[in-house]
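Below, each chain spelled out in residue letters.
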Amino acid sequence: MKDNDALFHAGHRERMRAKFLDDKLADYELLELLLGFVIPRRDVRPLARGLFQKYGGIFQILTQPFEELIKFDGVGRNTAIFLKAMQKAMTLGYKFSLNNNPVFFDYALLENYCRLQLLNKNVEEFHVLYLDRIHRLIVDDLHAIGTHDHAYIYPREILRRALELNAYHVVLVHNHPTAGVQFSSDDIELTTELQEKLNQNDIQLYDHYLLTGGVLVSARGEYFLNQTPSGI
């Protein structure tokens, strides 16, 4: 029976590889294929389906904290490290694209990059993306790490860094760990203050994005960032 099981699993995994090459894998099957490389001697279909059932999708799974992943039945230390390494590899891939193309050329790419950076964080993080003249990413600075409901930003420090990098545009990105929480009055006040400081030095605050519940919300879209972008 064990020999038959081994033959079945070997055949199943070969069929999965063939489906991958034909671009016919469902999302949970892609995760199953990946898990098969780190857990070679076990049927990982139940694990892949279980992870999808609990967390909902690839981004949600990869961005779970390491400590959360190893609590899941069937996910050991090596598997959790593998999943976090996949997150890191995807983030680097998106960042390479943002470094070499205008950030807003493909909004979905920027959105996915922000999700990989901030989704499922249990505290607020505040990132500042400094852009060159044609909106390519120069650097993504982690400006501040806060609590579950607040992170301080320092407009003068952001201005100093923008001048140091010879940045022409700045994009702010932060998260709210609690889903559905929109821009706070502090968020709006600090955004307005920073915009004024940057404008005085001919630097454009292009937008401020908030990730809440997996959704990326734009300050420009919420109409409290009163500036018309140029060169787009």
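Everything numeric in this text was worked out from a predicted model, so none of it was measured.

Visitor: Help me understand the pairing of strand 1 (residues 125-131) in this model?
Guide: Along a regular strand, successive side chains alternate from one face of the sheet to the other. Most of strand 1 sits out of view: seven of its seven residues are buried. As paired elements, strand 1 and strand 2 (residues 137-145) share seven bridges and run antiparallel to each other. Bridge pairing in strand 2 links Tyr130 to Val139. As consecutive antiparallel partners, strand 1 and strand 2 are separated by five residues, and within that stretch His135 has a phi angle of approximately 70°, a positive value. Note that strand 1 and strand 3 (residues 169-176) share six bridges and pair antiparallel. Bridge pairing links Val128 to Leu172 in strand 3.

Visitor: Honestly, the packing of aromatic side chains in this entry has me stumped. Any pointers?
Guide: Two aromatic rings, taken as a pair, are described by how far apart their centres are and by the angle between their planes. Counting across every chain of the model gives three aromatic pairs. On the basis of an interplanar angle of 45° and a centroid distance of 6.3 Å, the ring pair of Tyr55 and Phe72 is categorised as tilted. A residue pair is termed long-range when its members are at least 10 positions apart, and Tyr55 in helix 3 (residues 45-55) and Phe72 in the loop between helix 5 (66-69) and helix 6 (77-100) qualify at 17 residues. A relative accessible area of 13% places Tyr55 in the buried class. For the cation-ring pair, Arg220 lies above Tyr206, with the distance from its terminal atom to the ring centre recorded as 4.9 Å.

Visitor: I would appreciate a short explanation of the side chain of Glu125 in the present structure.
Guide: Tracing the sequence through the fold places Glu125 in strand 1. Sequence-distant contacts of Glu125, defined by excluding residues within four places in its chain, comprise Gln117, Leu118, Leu142, Ala144, Ile145, Val173, His174 and Asn175.

Visitor: Would you mind showing me how to read helix 8 (residues 155-165) here?
Guide: Since one α-helical turn is 3.6 residues long, residues separated by three or four positions face the same way. Pro155, Ile158, Leu159, Arg161 and Ala162 are the residues of helix 8 that are buried. Axial view of helix 8: buried residues confined to an arc of 165°, hence all on one face. Here the buried face of helix 8 lies against strand 1, strand 2, strand 3 and helix 9 (185-199). Following helix 8 by one or two positions, Asn166 has its phi on the positive side, about 55°.

Visitor: Help me out: how do you make sense of the environment of Tyr152 in this one?
Guide: Looking at the secondary structure, you find Tyr152 in the loop between strand 2 and helix 8. Put simply, Tyr152 and Asp22 are 130 residues apart on the chain and 48 Å apart in space, counted from C-alpha to C-alpha. Those residues in contact with Tyr152 that lie beyond four places of it in its chain are His143 and Ala144.

Visitor: Any chance you could explain the pairing of strand 4 (residues 204-212) here in plain terms?
Guide: The element strand 4 is largely enclosed, with a buried count of nine among its nine residues. Sheet topology places strand 3 next to strand 4; eight bridges connect them, and they run parallel. Residue pairing in the sheet places Asn175 in a bridge with Leu211 of strand 4. Bridge count between strand 4 and strand 5 (residues 215-218): four bridges; the pairing is antiparallel. Each bridged residue has a counterpart across the sheet, and for Thr212 the counterpart in strand 5 is Val215. Taken together, strand 4 and the strand that follows it, strand 5, pair antiparallel across an intervening segment of two residues, in which Gly213 is found at a positive phi of about 60°.

Visitor: In this structure, what is going on with the environment of Val173? I would like to understand it.
Guide: Along the chain, the position of Val173 falls in strand 3. Sequence separation between Val173 and Gln117 is 56 residues; the distance between their C-alpha atoms is 9.9 Å. Beyond its immediate chain neighbours, meaning those up to four positions away, Val173 contacts Cys114, Leu118, Glu125, Phe126, His127, Leu129, His208 and Tyr209.

Visitor: Just to check I follow, could you spell out the confidence of the model for the chain for this structure?
Guide: Any region with low pLDDT has predicted coordinates that should not be read closely. Chain-level statistics for the chain give a pLDDT mean of 88 and a share of 91% at 70 or above. Of the regions scoring below 50 in pLDDT, residues 228-232 engages in 11 contacts with residues more than four places distant in sequence or in other chains.

Visitor: Is there a simple way to explain the side chain of Asp132 in this structure?
Guide: Tracing the backbone shows Asp132 in the loop between strand 1 and strand 2. Relative accessible area serves as the criterion here: at 15%, Asp132 is assigned to the buried category. Here Arg136 takes part through its side chain, which lies 2.8 Å from a polar atom of the side chain of Asp132. Sequence-distant contacts of Asp132, that is, excluding residues within four places in its chain, are made with Ile138, Tyr168 and His169.

Visitor: Honestly, the pattern of salt bridges in this entry has me stumped. Any pointers?
Guide: When charged atoms on two side chains of opposite charge get close, those side chains can pair. As enumerated under the stated definition, the model contains 10 salt bridges in all. Across the salt bridge formed by Glu157 and Arg160, the nearest N and O atoms sit 3.2 Å from each other. Highlighted residues: Glu157 and Arg160, both in helix 8, separated by three residues, approximately one helical turn. On the basis of relative accessibility, which here comes to 40%, the residue Glu157 falls in the partly exposed class. A relative accessible area of 41% places Arg160 in the partly exposed class. Ionic pairing is found between Glu164 and Arg160, a salt bridge with its closest N-O pair at 3.0 Å. Within this pair, Glu164 and its partner Arg160 are both found in helix 8, separated by four residues, close to a single helical turn. Residues joined by salt bridges that share partners form a network here, namely Asp141, Glu157, Arg160, Arg161 and Glu164.

The rules behind these values
Residues numbered from 1 in each chain as written. Predicted model: local features only at pLDDT ≥ 70, side-chain atom pairs only at ≥ 80, totals over all residues. Heavy atoms only, no water. Buried < 20%, exposed > 50% of the residue type's maximum accessible area, 1.4 Å probe, protein only. Helix = DSSP H or I, 4+ residues; strand = E, 2+ residues; numbered from the N terminus. Pairing = 2+ DSSP bridges. Phe/Tyr/Trp six-rings, centres within 6.5 Å; stacked < 30°, edge-to-face > 60°. Lys NZ or Arg CZ within 6 Å of the ring centre and 35° of its normal. Contact = heavy atoms within 4.5 Å. Arc of directions from axis to C-beta. pLDDT = per-residue confidence, 0-100. Polar contact = N/O pair within 3.5 Å; in protein donor to acceptor, adjacent residues only side chain to side chain. Salt bridge = Lys/Arg side-chain N within 4 Å of Asp/Glu carboxyl O.

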